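Listed below are the residues making up each chain.
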Amino acid sequence: MAMTFRFKWLLFLVLWLQAAVTMADDRLTGNVIGTTESVDYNTWQLSTTVNTREMAFDGNLDTFFASWERSYTWTGLDLGTPHVITRVGWSPRDDVHGEQRVILGVFEGANRSDFMDALPLYVIDQRGTIGRISYADVSCSRGFRYVRYVGPNDARCNIAEIEFYGHEGEGDDSHLYQLTNLPTVSIHTENNVEPFDKETEIPSQLTIISDDGTKLLSEAGSTRERGNFSRTFPKRPYRIKFDAKQNVLDAPAKAKKWTLINNYGDKTLMRNLLAFHLSRILEMPYTPYGTAVDVFLNGEYKGCYQLCDQIQVHKKRVNITEMTPEDNSGEALTGGYLIEVDAYADQELSWFTSDYNTRVTIKSPDEDEITTQQKNYIRNHYSKMEKSWRTYLDTDTYLRHFIVGEMSGNTDTYWSVYMYKQRGDDKIYTGPVWDFDLAFENDNRTYPINNHSQWVFQYGSYEGYMRTLTNNITNDSNAKAKLISIWDKARHNGLDEESLLAYVDDLSQQLNRSQELNFTRWPIMNEYIHQNPVIWGSYQAEVNNVKNYIKDRIAWIDNKLGYTFVPDDPSGISSASVDNDQTVKVYSISGVFLGNDINSLPTGIYIVRQGDTTRMTLNTKR
């Protein structure tokens, strides 16, 4: 007991000393910096003398800084030398909206006056209190010369008072601020330019903080928007590109290009990650890397995103030969090509229309390097594949891709399909899987999916010849047998109710804190977004919708294929014995329906279903 008391006393003493050191840190002063243009609320005119940035540091809670622009505005201090910040304080403007307007306000520190190298210090996640300073401890070991408060989106900053505490010193990078348990991605663009299209690469500093703030990647690069329809949402998707190849988090590829998927209409924020999990279960040759992250842009919190591979030719991504402009004849002309069946292809620079009017974007070779010979070759070869798919299509990858689309209920599976062709190989391969924001019961045009008797591809969206092609493949006897075999292996490899629901629960737990902040930034939980079929009303209800869909979908596909799942470790195998008063259904071990009479089948082991009973049975009769 004495040891326990002594230990507790020592622990208390250590914590008290740490708190005392923090409290002992000085309130810092310096030259006020920040947004120069303010708003005069009396005249609603731009001003540089009323409600200025200096008001946030005058010690008077009755004055305030209010910027002319509504977003990306800030006020801060030039401390003269680097200081380790240990505490921040803030008080909202005294008006009806003041307490609410500080939520998601961001504190940052930097050693460049343009804040290109800035790191987050703290994010306000609660309402402020008018007439009182609220305080928060800062857990960031690096020292900064420049510190600032960036107002939340659409708030005109509107802050009555800001305080910084700390001590002089360079500090170190042993522990940095990470917003949640997810990695923090912070992007600062040159001149604070917000990305505005898919073509303009804006010079940027790209920063990723992970491993509970103990790991930092911060390198120069560029940022632009990405996507098609997803770009129309207020929460924009981005493509980031490092100037030099980087190992990002635990991704397999060391690469320059990465994507930040916005998942705006997917209120679970996990549908793409869940589909990638299915792709791995189906043993697709390449499944894109993806992980959830928190994103900041120029000091403003943007929400929970998905950091993913850029789909490109790369030895750890789409592993095919990368062509050069000199590859114009012989075997060199045959590949590799990365293409995308793409309903938006006509908005791209490098694309073609097949003989069956399918629009296809050429992803590689790049649009500024592809030659006329190369473009003609891949167009002609793709058209040959549509006409003679048994010869020119790799049905194995096509069927695995098909199952991911059907299991997820992805309406857009054949609206956008990645495919590739390797040099010296006549086959066109399908993959990787991509774009699942409308999957897992998130499309009002197809909801509820499991009430339909047809495959999703037969009534979902599609481009060109894709529906006819897929229908031809799935009705082919050899392809259907292969489909059942692939499904059977997947069903024994994690495509089962228990495993998938556990995976969903794990994702929802990982995302829980981040989703709270995301839906504070984007309060859309009770709005119909994109093709949402139902407003479920809460994050957990959204997740439950996915779980219920998965449970029903597995059974639906089993039934559609005439397949019966038998665990790897069945309780036993009995000799053939049937109740003649009940209908008998006999299946092969791989789940293929063989008829209603086991005695007419060769000697072997079969799956026999009678009523609610299913068992493995040894047939010894010829």
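What this report covers is the structure whose coordinates are included nearby. Here the structure is a predicted model, which means the values were calculated and not measured.

Our focus in this paragraph is the overall build of the protein. Along the backbone of the protein there are 10 helices and 27 strands. Judged by the C-alpha coordinates and their principal axes, the protein covers about 95 × 75 × 45 Å. When the 622 residues of the protein are sorted by exposure, 57% land in the buried category. Computed over 63 positive and 83 negative side-chain charges, the inter-centroid distance for the protein is 5 Å.

This next bit is on helix H7 (residues 466-474). Those residues of H7 that fall on the buried side of the exposure criterion are Met466, Leu469, Thr470, Ile473 and Thr474. Projection of H7 onto a plane perpendicular to its axis shows the buried side chains occupying an angular sector of 125 degrees, all on one side. On its buried face, H7 is in contact with strand S18 (337-342), helix H4 (372-387), helix H5 (389-392), helix H6 (395-408), strand S21 (416-421) and helix H8 (477-491).

The next point concerns the sheet that holds strand S22 (residues 429-430). To summarise the sheet geometry, strands pair through backbone hydrogen bonds and adopt either a parallel or an antiparallel arrangement. Reading across from one edge, S19-S20-S18-S21-S22 is the order of the five strands in this open sheet, with antiparallel pairing throughout. Either end of the sheet is taken by a strand with one partner, and the two such strands are strand S19 (351-353) and S22. Sheet analysis places S18 next to strand S20 (residues 359-364), joined by four bridges and oriented antiparallel. Residue pairing across strands places Glu340 opposite Thr361, the latter belonging to S20.

To continue, consider the pattern of salt bridges. Across all of its chains, the model carries 36 salt bridges by this definition. For Arg101, the salt bridge identified is with Asp95, shortest N-O distance 2.5 Å. Note on Arg101: relative accessible area 17%, which makes it buried. Residue Asp95 is classed as buried on the basis of its relative accessible area, which comes to 18%. Each of Glu194, Glu300, Lys302 and Arg521 takes part in one network of salt bridges that share partners.

In this section: the state of the cysteines. Applying the stated criterion across every chain yields a total of zero disulfides. Not engaged in a disulfide, the cysteine Cys304 finds its nearest cysteine sulfur in Cys308; these two sulfurs lie 12 Å apart.

Residue placement: Ser38 occurs in strand S3 (residues 38-40). At a separation of 2.5 Å, a polar atom in the side chain of Ser38 contacts the main-chain carbonyl oxygen of Val50. Ignoring anything within four residues of it in the chain, the contact list for Ser38 reads Gln45, Leu46, Ser47, Thr48, Val50, Asn51, Thr52, Phe65, Ala66, Ser67 and Trp68.

The element strand S9 (residues 143-150) is extensively covered by neighbouring structure, given that seven of its eight residues are classed as buried. As defined by bridge partners, strand S5 (residues 74-92) adjoins S9 across seven bridges and the pair is classed as antiparallel. Bridging from a neighbouring strand, Thr75 pairs with Tyr149 of S9. For strand S6 (residues 106-110) and S9, the ladder comprises five bridges, and the chain directions are antiparallel. Across the sheet, residue Val106 finds its bridge partner in S9, namely Val150.

Counting 93 residues, the largest nonpolar core has Tyr382, Met407, Met419, Phe440, Leu495 and Ile550 as its most contacted members. When residues of this core are assigned to their parent elements, the largest contribution, eight residues, is made by helix H10 (residues 539-560). Counting 36 residues, the second-largest nonpolar core is a separate cluster that includes Leu79, Val138, Cys157 and Ile209.

Pairing is mixed around the closed barrel formed by seven strands, whose spatial order is S11-S12-S13-S14-S15-S17-S16. Strand after strand, the sheet turns through a mean of 35 degrees between neighbouring axes, direction not considered. For strand S13 (residues 215-225) and strand S14 (residues 238-247), the ladder comprises five bridges, and the chain directions are antiparallel. Within S14, the position partnered with Thr223 by the bridge is Ile240. Across the sheet, helix H9 (residues 497-521) lies against strand S16 (290-297) and strand S17 (300-309), angled at about 130 degrees from S17, the strand it touches most.

Each value, and the rule that gives it
- Residues numbered from 1 in each chain as written.
- Predicted model: local features only at pLDDT ≥ 70, side-chain atom pairs only at ≥ 80, totals over all residues.
- Heavy atoms only, no water.
- Helix = DSSP H or I, 4+ residues; strand = E, 2+ residues; numbered from the N terminus.
- Buried < 20%, exposed > 50% of the residue type's maximum accessible area, 1.4 Å probe, protein only.
- Lys, Arg positive; Asp, Glu negative; His and termini not counted.
- Charge placed at Lys NZ, Arg CZ, Asp CG, Glu CD.
- Arc of directions from axis to C-beta.
- Contact = heavy atoms within 4.5 Å.
- Pairing = 2+ DSSP bridges.
- Salt bridge = Lys/Arg side-chain N within 4 Å of Asp/Glu carboxyl O.
- Disulfide = S-S within 2.5 Å.
- Polar contact = N/O pair within 3.5 Å; in protein donor to acceptor, adjacent residues only side chain to side chain.
- Core = buried A, V, L, I, M, F, W, Y, C linked by side-chain atoms within 4.5 Å.
- Axes fitted to C-alpha atoms, helices over the stretch in contact; angles between N-to-C directions.

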